[in-house]
Amino acid sequence: MKRCHHLCSLLPIWFSLVILFLNSHISNGDNVTYDQRALVINGVRRVLISGSIHYPRSTPEMWPDLIQKAKDGGLDIVETYVFWNLHEPVKGQYEFEGRKDLVKFVKTIAAAGLYVHLRIGPYACAEWNYGGFPVWLHFIPGIKFRTDNEPFKTEMQRFTAKIVDLMKQENLYASQGGPIILSQIENEYGNIDAAYGPAAQRYIKWAASMAVSLDTGVPWVMCQQSDAPDPIINTCNGFYCDQFSPNSNNKPKMWTENWTGWFLSFGGAVPYRPVQDIAFAVARFFQRGGTFQNYYMYHGGTNFGRTAGGPFIATSYDYDAPIDEYGLLNQPKWGHLRDLHRVIKKCEPALVAMDPAYTSLGQNLEAHVYKTSSGACAAFLANINTQDATVKFNGKTYQLPGWSVSILPDCKNVAYNTAQINSQETTSEMRYLSSISEGTTQPLSKLSSSGWSYVKEPVGISKADAFTRNGLVEQINTTADASDYLWYSISINIRGDEPYLVSGAQTLLHVESLGHVLWAFVNGMLVGGGMGSASNVKTSLSQLIILDDGKNTIDLLSATVGLQNYGAFFDLSGAGVTGPVTLSANGVTLDLSSQQWTYQIGLKGEDLSLFVDSDDSDSLWVSDSTLPTNEPLVWYKTQFKAPAGNNPVAIDFTGMGKGEAWINGESIGRFWPNYTASSSNGCSLCSYKGAYSSSKCLKNCGKPSQQLYHVPRSFLQEGANTMVLFEELGGNPTKISFATKQTGSLCAHVSEMHPPQVNSVAYPEMTVSKQKPGPLVRLTCPGPDQIINEIKFASFGNPQGTCGSYSHGECSSTDALTVVQQACVGTNNCSVAVSIKAFGDPCKGVTKSLAIEATCSS
C-alpha cells in the first residue's frame with residue numbers, strides 16, 4: 001500500500017482514481033465465466049461491444065481521450081494485442097515505458113470504467129513487423145515457429161507467463177478486481193494450420209493447456225480456431241460473422257475482429273468501408289445469436305518507427321476506423337455505430353435469455369425474434385437483397401431498404417435501421433500553417449535552403465564493421481532487422497584485355513532481389529533501382545552501365561519495408577539480393593553471384609545517431625547556401641516551432657521520395673509520398689449494398705498512397721523542435737509543410753422515413769426519443785467551447801448531393817434556412833425536427849428529407 005500511495009502522489013488524478021478503484025475491488029473480484037449464450041459476469045449474462053485500440057499506435061497522452069471516445073461511442077471493452085518484439089527487443093531485456101507501458105494503458109481503460117480483452121498471442125499479425133515476434137527468436141537453434149517445437153514453445157510460454165504475471169502483480173485481472181475479463185492465446189492459426197501437418201493439432205492443444213495453467217481467473221479465446229480445445233472459446237474474425245457457430249453448444253457466439261475498413265499499403269489505393277455495411281454486419285450478428293462483438297479497429301493509429309509489417313504496410317494505420325488516426329471522430333461512422341449500440345443494449349435482456357426464433361418474410365427476407373416469458377421482446381428484420389422491400393411482421397407493414405436490418409426493441413416499433421443514418425457527418429480539412437523555423441512566419445514550403453543543414457550518407461562501404469563473404473547473403477539473416485538497409489559491394493577491374501568487358505562500352509547490369517527495394521550505384525553514382533509491391537515483394541533491375549578502365553565498384557543498397565507478418569512459415573520469408581547478379585556485354589555474361597562481396601549492415605548515419613539532436617553530431621552537419629536536393633542518400637535537419645493550438649499535427653511530405661523522419665528524436669515512421677496508387681485500381685462509386693471485400697471501396701487512385709504523416713502533439717515541445725529526415729531516393733525538403741487537421745463542416749441528411757433519434761441521455765438504459773412524430777437532425781460541434789456560427793445550407797424537400805456539395809431539389813421549403821438558423825446558430829448543439837410541422841409541406845405526397853451543412857467556431 002505504501003508503494004501505491006507513493007505512485008498516486010505522482011500520477012494524474014484519473015490514474016489515482018483507478019488505483020483506488022482497483023484496490024477497493026481486489027477483495028471481491030469479478031467472476032467471469034461463460035455459457036452457451038454469453039459471457040457471464042458475476043452471474044449475469046452480458047451483451048458486450050468491444051473495440052480494438054493498440055497502445056503503441058498512439059501515445060500515452062492520447063490514451064485517455066481515445067478511451068473516453070470509445071466509451072461515449074457505446075463500447076464496453078477495449079481490446080489490444082500485446083506485441084512481443086516491442087517489449088523484448090533483446091532476449092531477456094524488457095521495455096514497458098512510454099508507448100510500451102501496457103500496465104498504464106490497462107489502468108487507463110479501467111479509469112474510464114471499461115473492460116479489457118488482452119490478446120497476448122504472442123503472435124499478433126496486426127500488420128505489425130514480423131507479426132509481433134522478436135527477430136532474435138529466429139536465430140535460436142532448432143526453432144520452428146508456431147508448431148510442436150520445444151524451443152519455440154519454451155519461449156512462447158516464457159513470454160506469455162511474463163505478461164500474465166505482470167498483469168497479476170498489478171491486480172488487473174477481473175478475478176483480482178481488475179478490468180481484464182478475457183485473454184487470447186495464439187491468433188488466426190486455423191487459417192494456416194494445415195501447412196504444419198499433424199504437429200499443428202498437438203501445438204494447439206499444448207497452447208490451450210499452457211494458457212489455462214496460468215490461472216488468470218478469466219476465460220481464454222482462440223480466434224479462427226475451429227478445433228480450439230475446451231475450455232477455450234473459439235471465435236470468428238471477418239467482415240461478416242453472422243453465419244459463425246462455436247465448436248460447442250456450451251460456448252457463446254463471439255466475434256473478435258469485425259474489420260471496420262482495411263489496412264493501407266504503400267503503392268495501394270486507400271480502402272474504406274461504408275458504415276451502413278458495418279452496421280448491417282453487426283446487426284446480423286446479434287440477430288443470429290451473437291452476444292460479443294469487437295471492432296478491428298476502433299482506433300487504428302500510426303505505425304511509428306519501423307513497426308509496420310507487411311511488407312509495404314504504410315505508416316498510417318487509420319483503417320477507416322470510427323476514431324481516425326489523429327484521434328478525431330470519423331463521422332458518420334462513429335455516430336451511426338453509437339446509435340446501433342444503444343439500441344442493441346435496449347435489447348439486451350431479450351438477447352441473452354434465449355436463442356432467437358426465425359421466420360422467413362420472403363426471399364432473402366428474415367425475422368429473428370427474442371421473446372422471454374417475462375415479457376421482454378426484441379425483433380430484427382433483415383433484407384439481404386440489394387433492392388428495397390416491404391414486409392409484414394406481426395400484422396404490421398415495414399419498409400426495409402436493401403441490404404439493411406431494422407431493429408425493434410419492443411417487437412413493434414423500429415428504433416434503428418442500419419441503412420438510415422441519423423447521426424451527423426463531418427468533413428475534415430488540413431490547414432497548412434506558417435509557424436516554422438527559428439521564429440519566422442514563413443510556411444515550411446517557402447523556407448529557404450538556409451533553414452536546413454545536411455549530411456551526405458556515403459555510398460557503399462563506410463563502416464569499420466563491414467565484412468566479406470563469398471557469394472550473396474540473404475538480408476534478414478544478415479541484419480537481424482537491426483536496420484532496413486544492407487549494402488552489397490563488389491569491385492570489378494577492367495584491365496583492357498577482357499574479350500567481353502570493355503571500358504566505355506555499354507554493359508548490362510542485371511540484379512535479382514527477394515525484395516523489397518533495390519538501388520544500384522556504379523562508381524558512386526546511382527544508375528537505377530527497383531521496388532516490389534504488397535502483392536509481389538520481389539524486385540529486379542536491368543540497367544545499361546558504363547565501366548571505366550581499372551577498378552569499378554558496384555554498390556547495391558537493399559532496403560526492407562517491414563517484415564512479413566502473416567502466413568504459414570512467414571518467418572522464413574527472405575529479403576535482399578540473392579541473385580543472380582550478372583554483367584553482360586558482347587554476347588557474354590559474367591555471373592558475379594558467387595564472387596567475394598563486402599557487406600555493411602545499416603547506414604553510417606544510423607550508427608552516428610544523426611536522428612538525435614546532440615552536441616556529438618553537430619559538427620557533422622553542413623549548413624551552406626547550396627542545399628543538395630533530389631539526390632539519394634542525404635540526411636536533412638531543420639528546426640521549427642510547433643503549430644499553435646491543440647489540433648492534431650501532420651507533415652505533408654510532398655517533394656520527398658522515400659525515407660524516415662524523426663521529430664525531437666522520435667521516429668514518426670517511414671515516408672514514401674512518391675509511391676502512388678494505380679489510376680486504374682478501381683476508385684469508382686462504391687455502394688454499401690452487397691458483400692464487402694477489401695478491394696470493393698477504394699479512394700485516392702492515381703495519388704500518393706500516403707502524403708500526410710501524423711506528428712503526435714506529445715512529440716512536440718515549446719520553442720525549437722528538431723526535425724531530421726533521411727532521404728533514400730532523392731527529394732527536396734524545402735517543399736514539405738506542416739498542417740493541422742480540423743473539422744470543416746457538420747452535415748446531416750435525414751428523411752421522414754428514418755427512425756426517430758435514439759435518446760442520448762440515459763445510456764445504457766436507452767429509449768427511443770419521445771419527440772414525435774418523426775426523426776430529428778442533431779448537430780454538435782466537436783469542441784465543448786465551440787458554437788455553430790453559420791448555416792451554409794439548409795433544405796427541406798428533396799435536396800441532392802453530399803456533405804459539402806448539397807443542392808436544392810425540385811421542391812424545397814422557403815423557410816428551411818431561417819428555421820435552422822434560429823434553432824442552431826449560437827449554440828454548441830441543436831436538434832431540428834424533420835417534419836412538415838416545422839417547415840411546411842413544399843411538395844405534398846412526396847417523402848421529404850432535411851439536409852443541413854453548418855460550421856463551428858470557438
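Residues numbered from 1 in each chain as written. Predicted model: local features only at pLDDT ≥ 70, side-chain atom pairs only at ≥ 80, totals over all residues. Heavy atoms only, no water.

Peer 1: Can you tell me about the overall build of the chain, naming the residues and giving the values?
Peer 2: From N to C terminus, the chain includes 15 helices and 43 strands. In terms of C-alpha radius of gyration, the chain reaches 29 Å, essentially the compact-globule figure of 29 Å for 858 residues. Each principal axis of the C-alpha atoms in the chain carries an extent, and together these give about 100 × 65 × 60 Å. Across the 858 residues that make up the chain, the buried fraction comes to 58%. (Helix = DSSP H or I, 4+ residues; strand = E, 2+ residues; numbered from the N terminus. Rg over C-alpha atoms; globule rule 2.2 N^0.38 Å. Buried < 20%, exposed > 50% of the residue type's maximum accessible area, 1.4 Å probe, protein only.)

Peer 1: Any details on the sheet that holds strand β14 (residues 365-371)? Residues and values, ideally.
Peer 2: Neighbouring strands of a sheet are bound in pairs by backbone hydrogen bonds; such pairs are parallel or else antiparallel. Strands sit in the order β13-β14-β15-β18-β19 across an open sheet of five strands; the sheet is antiparallel. Two strands in the sheet have a free side with no partner beyond their single neighbour: β13 (357-362) and β19 (416-417). Of the strand pairs in this sheet, β14 and strand β15 (residues 377-383) are connected by seven bridges, and their pairing is antiparallel. Pairing of Val369 across the sheet is with Ala379, part of β15. Those strands touched by helix α8 (residues 275-287) are β14, β15, β18 (404-408) and β19, and its axis lies near 50° from that of β14. (Pairing = 2+ DSSP bridges. Contact = heavy atoms within 4.5 Å. Axes fitted to C-alpha atoms, helices over the stretch in contact; angles between N-to-C directions.)

Peer 1: Lay out the pairing of β13 with the relevant residues and their values.
Peer 2: Direction of pairing for β13 relative to β14: antiparallel, over a ladder of five bridges. Each bridged residue has a counterpart across the sheet, and for Thr359 the counterpart in β14 is Ala367. If you look at the hairpin formed by β13 and β14, you'll find two residues sitting between the two strands, and Asn364 has a positive phi there, around 60°.

Peer 1: Can you tell me about helix α7 (residues 198-213), naming the residues and giving the values?
Peer 2: With 16 residues, α7 extends 23 Å between its outermost C-alpha atoms, agreeing within 8% with the 22 Å of an ideal straight helix rising 1.5 Å per residue. Every buried residue belonging to α7 is among Ala199, Ala200, Tyr203, Ile204, Trp206, Ala207, Ala208, Met210 and Ala211, and all of these are buried. If you follow the buried residues of α7, they end up packed against α6 (150-169), β7 (180-185) and β8 (220-223). Where α7 ends, the next residue or the one after it, Asp215, has phi of about 55°, a positive value. (Expected span 1.5 Å × (residues − 1).)

Peer 1: Let's hear about the nonpolar core: which residues, and what values?
Peer 2: With 127 residues, the main nonpolar core has Met167 and Ile407 as its most contacted residues. Aside from chain neighbours lying at most four places away, what touches Met167 is Leu102, Val103, Val106, Leu118, Leu172, Tyr173, Gln176 and Ile180. Core analysis: the next-biggest nonpolar cluster, separate from the first, contains 48 residues, Ala314, Leu610, Trp662 and Phe726 among them. (Core = buried A, V, L, I, M, F, W, Y, C linked by side-chain atoms within 4.5 Å.)

Peer 1: For the packing of aromatic side chains, give the residues involved together with the corresponding values.
Peer 2: The geometry of two aromatic rings is summed up by the distance between their centres and the angle between their planes. Enumeration over the complete set of coordinates arrives at 55 aromatic pairs. Ring centres 6.1 Å apart and planes at 75° place the aromatic pair Tyr130 and Phe145 in the edge-to-face group. Of this pair, Tyr130 sits in the loop between β6 (115-121) and α6 while Phe145 is found in the loop between β6 and α6, placing the two residues 15 residues apart along the sequence. Summarising the burial analysis for this pair, Tyr130 and Phe145 share the class buried. One Lys or Arg, Arg146, reaches over the ring of Tyr123 and ends 3.7 Å from the middle of that ring. (Phe/Tyr/Trp six-rings, centres within 6.5 Å; stacked < 30°, edge-to-face > 60°. Lys NZ or Arg CZ within 6 Å of the ring centre and 35° of its normal.)

Peer 1: Requested: an account of unusual backbone geometry, with residues and values cited.
Peer 2: The linkage connecting Tyr296 with the following residue, Met297, adopts the cis geometry, with an omega of 5°. Relative to the assigned elements, Met297 resides in strand β12 (residues 292-299). Residues Gln331 and Pro332 are joined by a peptide bond in cis, for which omega reads 15°. For Pro332, the location among the structural elements is in the loop between β12 and α9 (333-346). Of note in the backbone geometry, Ala480 takes a positive phi value of approximately 50° without being a glycine. Taking relative accessible area as the criterion, Ala480 reaches 36% and is therefore assigned partly exposed.

Peer 1: Give me the environment of Val819: which residues, what numbers.
Peer 2: Locating Val819 in the fold gives a position in helix α14 (residues 816-824). Sequence-wise, Val819 and Phe839 are 20 residues apart; in three dimensions their C-alpha atoms are separated by 7.4 Å. Non-local contacts of Val819, meaning those with residues more than four positions away in its chain, are made with Ala838 and Phe839.

Peer 1: Help me get a handle on the sheet that holds strand β3 (residues 44-46), residues and values and all.
Peer 2: Here we have three strands laid out as an open sheet, ordered β1-β2-β3, and antiparallel in their pairing. A single partner strand is all that each edge strand has here, and the edge strands are β1 (32-34) and β3. Pairwise comparison of adjacent strand axes, ignoring direction, gives a mean angle of 40° for this sheet. Sheet topology note: the β1/strand β2 (residues 39-41) ladder contains three bridges and is antiparallel. What sits directly across from Val32, in β2, is Ile41.

Peer 1: I'd love a proper account of the state of the cysteines, names of residues and values included.
Peer 2: By the definition in use, this model includes eight disulfides. A sulfur-sulfur separation of 2.1 Å characterises the disulfide bridge that pairs Cys781 with Cys856. One quick way to see it: the torsion about the S-S bond of Cys781 and Cys856 is about -90°, and its sign makes the bridge left-handed. One end of the pair, Cys781, is in the loop between β40 (776-780) and β41 (787-797); the other, Cys856, is in strand β43 (residues 849-857), and 75 residues separate them in sequence. Judged by relative accessible area, which is 5%, Cys781 ranks as buried. Across a sulfur-sulfur distance of 2.0 Å, Cys824 and Cys830 are joined as a disulfide pair. In this structure the cystine formed by Cys824 and Cys830 twists about its S-S bond by roughly 85°; its chirality is therefore right-handed. Residue Cys824 shares its accessibility class with Cys830, and that shared class is buried. The closest cysteine sulfur to the non-disulfide-bonded Cys125 is located on Cys223, 9.4 Å from its own sulfur. Here Cys223 stays unpaired: no disulfide links it, and the sulfur of Cys236, its closest cysteine neighbor, is 9.4 Å away. (Disulfide = S-S within 2.5 Å.)

Peer 1: An account of the confidence of the model for the chain is requested, with residue identities and associated values reported.
Peer 2: Mean pLDDT over the chain: 93, with 93% of residues reaching 70 or higher. Low pLDDT, under 50, characterises residues 435-447; the stretch is placed with 39 contacts to residues that sit more than four places away or in other chains. Within the model, pLDDT remains below 50 along residues 760-771, and this stretch shows 25 contacts once partners closer than five positions in the same chain are excluded. (pLDDT = per-residue confidence, 0-100.)

Peer 1: How would you sum up the pattern of salt bridges? Please name residues and give values.
Peer 2: Inspection of every chain in the model, using the stated rule, returns 41 salt bridges. Residue Lys91 pairs with Glu155 through a salt bridge whose shortest N-O separation is 3.1 Å. One end of the pair, Lys91, is in the loop between α4 (84-87) and α5 (102-111); the other, Glu155, is in helix α6, with 64 residues separating them in the sequence. Judged by relative accessible area, which is 46%, Lys91 ranks as partly exposed. We note a salt bridge from Asp618 to Lys637, for which the minimum N-O separation is 3.7 Å. Of the two residues, Asp618 sits in helix α13 (residues 615-618) while Lys637 sits in strand β32 (residues 634-641), which places them 19 residues apart along the sequence. The buried category is assigned to Lys637, whose relative accessible area is 11%. Salt bridges sharing partners connect three or more residues here, namely Arg46, Asp76, Lys345 and Glu348. (Salt bridge = Lys/Arg side-chain N within 4 Å of Asp/Glu carboxyl O.)

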